[in-house]
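A look at the structure
For reference, the chains in residue letters:
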Amino acid sequence: MLEGLLFILLILISGSFVIIAFITMLIGFIKKSSSLKKTALTIAILPIICWLLIAFWYLVTLPSFNKSDMENFAGTYTPNTSFKANKSEISGPKLILSEDGTYLFDGLEGIGLKKQGTWKTGGNDGLVEFYDKNGNLSEWASPYGNNDDHSLSFEYRGGQDPETILFVKIRAE
């Protein structure tokens, strides 16, 4: 949310200064004043800086964060169990997320995941998005993570009322 507010603020600032620079340049042409034209060009530097900041954020910084998140979330996940079992002994549906952005899933019909496809982090509100082979969004999950303990929350639509199923990372890739 803070990112969106900063984006709006930068757009508003840059738009305001573009208008001020344009008006100053127009007055400079009407009065044939080179100092007003230079002032207008100086004022135009601020919108350019704002646009460069926006471009840097969306073209460099966010992809770097998303790549780091993909490396952190890559691994093998199983549904959270209510009993204390050895994580290696759990047999059931498994979700394997690879660092290259592909996944394999072998279970639970109520979750809208296909058997294989691609995944990425950085979706709306930080969701992890899952795509089928054709590139269509098939499911999304809410990520939870701190240090080495990562999990993904899916909506399970197998019964009458939707439930939330938590898939816990049991092994890093």
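Structural data are supplied above this passage.
Residues numbered from 1 in each chain as written. Predicted model: local features only at pLDDT ≥ 70, side-chain atom pairs only at ≥ 80, totals over all residues. Heavy atoms only, no water.

Topic: the side chain of threonine 121
To be explicit about the condition: Helix and strand definitions follow DSSP, with helices as H or I runs of at least four residues and strands as E runs of at least two, each counted in order from the N terminus. Any pair of N or O atoms that falls within 3.5 Å is considered a polar contact. Within protein, one atom must be able to donate a hydrogen and the other to accept it, and sequence-neighbouring residues count only if both atoms are side-chain atoms. Throughout, a contact is declared for two residues whenever any of their heavy atoms are within 4.5 Å.
With respect to the helices, strands and loops of the structure, threonine 121 is situated in the loop between strand S4 (116-120) and strand S5 (128-131). At a separation of 3.1 Å, a polar atom in the side chain of threonine 121 contacts the main-chain carbonyl oxygen of asparagine 66. With near-sequence residues (within four places) excluded, threonine 121 lies in contact with Asn66, Asp69, Met70, Leu127 and Val128.

Examining the packing of aromatic side chains
Each aromatic ring pair is specified by the distance between its two centres and by the angle formed by the two planes. Note the following rule: The criterion for an aromatic pair is that two Phe, Tyr or Trp rings (for Trp, the six-membered ring) have centres within 6.5 Å, with stacked assigned to planes under 30 degrees apart, edge-to-face to planes over 60 apart and tilted to the rest. With a 1.4 Å probe rolled over the protein chains alone, any residue whose accessible area is under 20% of its type maximum counts as buried; one over 50% counts as exposed, and the rest are partly exposed.
According to the stated counting rule, one finds six aromatic pairs in the structure shown. For the pair tryptophan 57 and phenylalanine 65, a centre-to-centre distance of 6.0 Å together with 70 degrees between the ring planes defines the contact as edge-to-face. The partly exposed category is assigned to tryptophan 57, whose relative accessible area is 30%. When its relative accessible area of 44% is taken as the criterion, phenylalanine 65 is described as partly exposed. Site record: aromatic cluster; members linked through ring pairs are Tyr103, Phe105, Phe130, Phe154 and Phe167.

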